[in-house]
Amino acid sequence: MADERSTKPGSKRLWITIATILPFILGIPLWLKSTQVYRAALPFKEIDDFQTWASGNSLKLPCRLNIIIASSDELLTKPQFASVASLLAPHLQSLRPRDSPDEDESCQNGFDIQVTYDSKKVCLRSKEGLDSLYWPCGLLDYGFLRAAHLSDDILDNLFWNYAYTRTAKTNESEAGGLYTIILLHKSQFENAESFNTDADDATGTNGQSNQHKAESGSRTVVGKYRHAWIIGDLDFSSFETEVVPRVSEVARTFLGGSRSASGRSKPRNLPLSADGEAILSFSLLNAEPEDWTFDWDFEDLKRKFFQPVVDALKGVARLSLESQVLYYTPKAVKSQWDAAHNAHVVPVKQLPFFVNSNEWHLDSSTAATGRSKLLHLAVYVPGAKEYPLHFLHKNGKLSLTDGFTSPGWGGVVVYNPKNVSLLDGDIHSSAHRITAKDFESVAGVIVAQLRTLFGLPPVLQDDPQRGFFILSSARTGFAEWELDLLLRRRAVSDMAAAASTLTSLSSLVRNLPSMVIKDEIGEQVKSSLVAADAARDHAARGSYLHTAEAACEASSLAEEAFFHPSIMSVLYNPTEHHLAIYTPFFVPVLLHAVLAVIKEVSRYRREWRRFKQKRE
């Protein structure tokens, strides 16, 4: 038959055809190897474990509360003291910050409570701990009760001296989270009627004196360090109803911050860069230089008003200061003349539009590079046509500070020059220098604005009717127990940011297999995880400063790894880009070779079937 084949078909032609595609097949591994990117090994399991921990936990620092019942008489028997100690613990161990919807500011496992009964003959403690090194028994022998003139500020400093200078073993830097409440019977003061607040620092930031008589007869004072005291009737029968609520309120203040006139400020992330730094840029804005111009000696103002604040916050943030003087900087809103107040006023509802971004060239800092955080603190000097300039509240009253803040941006305060009549005949002379005395009130407003930017109330609010007072530090503007609060907030925020950033980096690396991962990125990720572990270890030991530093390092290293320049460039070089490059080179040739192999295989099978039919 014509379609039968008598000889076996040869395979040489088939193998020659197949050999044409062998270089392509054998070259694929070589091509993949040659185009493979370098990827340093990342600890994906450790990152997942860290994220799992962060999603169910927050970094909490321990808080220790030392309650000292100081009495010159035998106020309590030993069984009564045991009853008081057992009564205080349940009320204080589970305290949460005032008006806080979450527990981020709470302490690790609540307060660690120690109650001490310190009398001239007896020294009883509910438990022994580090607190006994800072506050040894013998407080009443210190002699402060016999002082002729005793004020809140003097008593605050005396307690600090007793706690941190009498014992050589103590170290104030280790006292973070250690708070002390001293209970004193008012009959112990030999000159109780002369107890006053004449000291300069004994007035709250609202300017009111602390010399008031409480309705209940008790007096509670929260000092500017880490201790407070309650003066009142310490009867055992009324301890639960009178003393315990006062102690709880003080403990809650230490834990979550003080109250302000408008309520406690809501916790917010600190206005810092990932490495815990910020630049405070001070600007003196002369709105109308034709009317008058003002200048300042900022180095002198910095040394007197702002350097103490920077030093106080050095554990929380690394702040640097710079200044500039600008001219022709009008505001963006128009003021109106108010005959009732004899001043030009700007309603508070227009303050969001006060800053003139077109004329106020504030973003000129040469130090603010990369991810640096810049906070603007502008002092606005109005021109003669709008002098004096004040802010008007909705209730028709003028603002006491003439300043406002913008979260994350900074603050503005209006400076109305004094003795304007002396400037009228000297308009075109050289700039008038703002002295430290003239700037004192403005500096107080700026410090209050810094408190607001850091999430604290701008002023500390007293409650004279209830006999509750809070001392403010006139020099630094921040109490030590407030710095502890900021350290707790910063540690929680930095640890959460580190976990989130590392998780995002891990997901990005897994989803982009062509991404180059340099050894530097791998080392930064590993160092970030090590710093996070160190932060948890320091938190377990109660070291506030070291915990905050380690958490900040973890967040900073995670940010540096995520924003590494090599990663940013690969984001714009996806896999589709490689396909578009190599397809024009290989597909045309490979397509014809594959078609030839298919045709030759089909021909060989057809000839083989013809041969088999002949044999059958």
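Residues numbered from 1 in each chain as written. Predicted model: local features only at pLDDT ≥ 70, side-chain atom pairs only at ≥ 80, totals over all residues. Heavy atoms only, no water.

Structural notes on the overall build of the chain
Logical step 1: When helices and strands are counted, the chain shows 14 helices and 17 strands.
Logical step 2: Looking at the 616 residues of the chain, the share that counts as buried comes to 49%.
Logical step 3: If you take every contact in the chain between residues at least 6 apart in sequence, the share linking residues at least 24 apart comes to 80%.
Logical step 4: Total accessible area on the chain stands at roughly 30,500 Å², and carbon and sulfur atoms take up 53% of it. (Helix = DSSP H or I, 4+ residues; strand = E, 2+ residues; numbered from the N terminus. Buried < 20%, exposed > 50% of the residue type's maximum accessible area, 1.4 Å probe, protein only. Contact = heavy atoms within 4.5 Å. Areas by Shrake-Rupley, 256 points an atom, 1.4 Å probe, with all protein chains shown as cover.)

Some remarks on the environment of V525
Logical step 1: By secondary structure assignment, the location of V525 is in helix α11 (residues 519–541).
Logical step 2: V525 sits in the buried class, given a relative accessible area of 0%.
Logical step 3: Residues V525 and F562, spaced 37 residues apart in sequence, show a C-alpha to C-alpha distance of 9.0 Å.
Logical step 4: Leaving out residues up to four positions away in the same chain, V525 has contacts with L42, P43, I47, L502, L505 and A561.

Digging into the UniProt feature "transmembrane region" (unreviewed entry) in the chain
Logical step 1: Within this structure's numbering, the places UniProt gives as "transmembrane region" (unreviewed entry) are residues 14–32 and 579–598.
Logical step 2: With 89% helix and 0% strand, residues 14–32 has end C-alpha atoms that lie 28 Å from one another.
Logical step 3: Spanning residues 579–598, this segment combines 100% helix with 0% strand, and its end C-alpha atoms are found 25 Å apart. (UniProt positions renumbered as here; feature names shortened; annotations may be inferred.)

Observations concerning a nonpolar patch on the surface
Logical step 1: Nonpolar side chains collect at one region of the surface, where I28, W31, L32, I581, F585 and F586 lie side by side and expose about 590 Å² of accessible area between them.
Logical step 2: Structurally, W31 is set in helix α2 (residues 22–34).
Logical step 3: Given a relative accessible area of 32%, W31 falls into the partly exposed group. (Patch = residues over 30% accessible without salt bridge, like charges linked within 9 Å, V, L, I, M, F, W, Y side chains within 5 Å. Salt bridge = Lys/Arg side-chain N within 4 Å of Asp/Glu carboxyl O.)

Re the pattern of salt bridges
When the charged atoms of two side chains lie near each other, side chains of opposite charge can form a pair.
Logical step 1: Scanning all chains against the criterion turns up 18 salt bridges.
Logical step 2: Across the salt bridge formed by E480 and R226, the nearest N and O atoms sit 3.1 Å from each other. Taken as a pair, E480 in helix α10 (residues 480–511) and R226 in the loop between β5 (219–222) and β6 (227–232) lie far apart in primary sequence, 254 residues in all. With respect to class, E480 is no different from R226; both count as buried.
Logical step 3: With a shortest N-O distance of 2.7 Å, D484 and R226 are connected by a salt bridge.

A short note on the state of the cysteines
Logical step 1: For the coordinates displayed, the defined rule picks out 1 disulfide.
Logical step 2: Here C123 connects covalently by a disulfide to C137, the sulfurs 1.7 Å from one another. Judged by the sign of its S-S torsion, about 60 degrees, the bond between C123 and C137 is right-handed. Here the residue C123 occupies a position in strand β3 (residues 123–125), and C137 occupies one in the loop between α5 (131–134) and α6 (152–165), the gap between them amounting to 14 residues. (Disulfide = S-S within 2.5 Å.)

Thoughts on unusual backbone geometry
Logical step 1: In this model, Y387 is joined to P388 through a cis peptide bond whose omega is -10 degrees.
Logical step 2: Following the sequence through the fold, P388 ends up in the loop between β12 (374–381) and β13 (389–392).
Logical step 3: Unusually for a residue other than glycine, Y328 sits at a positive phi of about 55 degrees.
Logical step 4: Among the secondary structure elements, Y328 is positioned in the loop between β9 (318–327) and β10 (336–338).
Logical step 5: The exposure class assigned to Y328 is partly exposed, which follows from its relative accessible area of 45%.
Logical step 6: Non-glycine residue N342 carries a positive phi angle of around 55 degrees.
Logical step 7: In this structure, N342 sits in the loop between β10 and β11 (343–347).

Observations concerning the packing of aromatic side chains
Logical step 1: Enumeration according to the criterion identifies 23 aromatic pairs in this entry.
Logical step 2: When the centroid spacing of 6.0 Å and the interplanar angle of 80 degrees are considered together, the rings of F294 and Y415 count as edge-to-face. Of this pair, F294 sits in strand β8 (residues 294–296) while Y415 sits in the loop between β15 (410–414) and β16 (432–434), placing them 121 residues apart in sequence.
Logical step 3: According to the relative accessible area criterion, F294 is buried, its value standing at 5%.
Logical step 4: These aromatic residues form a ring-pair network of at least three members: F282, W296, F298, F305, F306 and F439.
Logical step 5: Stacked on the ring of F478, the Lys or Arg R451 has its end atom at 5.6 Å from the ring centre.
Logical step 6: The aromatic ring of W53 is capped on one face by R536, whose charged end is 4.6 Å from the ring centroid. (Phe/Tyr/Trp six-rings, centres within 6.5 Å; stacked < 30°, edge-to-face > 60°. Lys NZ or Arg CZ within 6 Å of the ring centre and 35° of its normal.)

Section: helix α9 (residues 436–453)
Logical step 1: Across its 18 residues, α9 extends 24 Å between first and last C-alpha, which sits within 8% of the 26 Å expected from 1.5 Å per residue.
Logical step 2: Approximately 30 degrees is the largest bend angle found in α9, and it occurs at V442.
Logical step 3: Within α9, 13 of the 18 residues are buried, which leaves the element mostly enclosed by the surrounding structure.
Logical step 4: Two residues or fewer after α9 comes G455, characterised by a positive phi angle close to 90 degrees. (Expected span 1.5 Å × (residues − 1). Bend = angle between axes of the 7 residues up to and from the residue.)

Observations concerning the sheet that holds β10
Logical step 1: With respect to topology, 3 strands assemble into an open sheet ordered β10-β11-β13, the strand pairing being mixed. Each of the sheet's edge strands pairs with one partner strand only, and the pair in question is β10 and β13. Neighbour-to-neighbour, the strand axes of the sheet open up by a mean angle of 50 degrees, direction not taken into account.
Logical step 2: Across 4 bridges, β11 lies against β13 in parallel orientation. If you follow V346 over to β13, its bridge partner there is F391. (Pairing = 2+ DSSP bridges. Axes fitted to C-alpha atoms, helices over the stretch in contact; angles between N-to-C directions.)

Describing the sheet that holds strand β14 (residues 403–406)
Logical step 1: What the 5 strands build is an open sheet, ordered β9-β7-β12-β15-β14; its pairing is mixed. Pairing within the sheet leaves two strands with one partner each, and these edge strands are β9 and β14. Ignoring strand direction, the axes of neighbouring strands in this sheet form an average angle of 15 degrees.
Logical step 2: The strands touched by helix α8 (residues 298–312) are β7 (277–286) and β9; relative to β9, the strand with the most contacts, the crossing angle is about 150 degrees.

Quick notes on the packing of α10 against α11
Each pair of packed helices can be described by the angle between their axes along with the distance between the axes.
Logical step 1: Taken N-terminus to C-terminus, the directions of α10 and α11 make an angle of 150 degrees; their axes are 11 Å apart at the nearest point. One finds that α10 runs roughly antiparallel with respect to α11. For the pair α10 and α11, the crossing hand works out as left-handed. Judged by residue contacts, M495, L502 and L505 of α10 engage I521, V525, S528, L529, A532, A535 and R536 from α11.
Logical step 2: Grouping the constituent residues of the contact of α10 with α11 by class yields 8 nonpolar, 1 polar and 1 charged. (Parallel < 35°, antiparallel > 145°, perpendicular 65-115°, else oblique. Left-handed = near helix turned anticlockwise from the far one by under 90°. Nonpolar A, V, L, I, M, F, W, Y, C, P; charged D, E, K, R; others polar.)

A few points about the nonpolar core
Logical step 1: The biggest cluster of nonpolar side chains holds 109 residues, and the ones touching the most others in it are L183 and F439.
Logical step 2: Counting residues per element, this core draws most heavily on α10, at 12 residues.
Logical step 3: Among the domains, domain 2 (62–256) and domain 3 (277–454) are the pair contributing at least three residues each to this core.
Logical step 4: Those residues in contact with F439 that lie beyond four places of it in its chain are W296, L301, F305, F306, V379, I434 and I446.
Logical step 5: In this structure, L140, L155, L184 and V221 belong to the second largest nonpolar core, which totals 18 residues. (Core = buried A, V, L, I, M, F, W, Y, C linked by side-chain atoms within 4.5 Å. Domains from an automatic or database assignment.)

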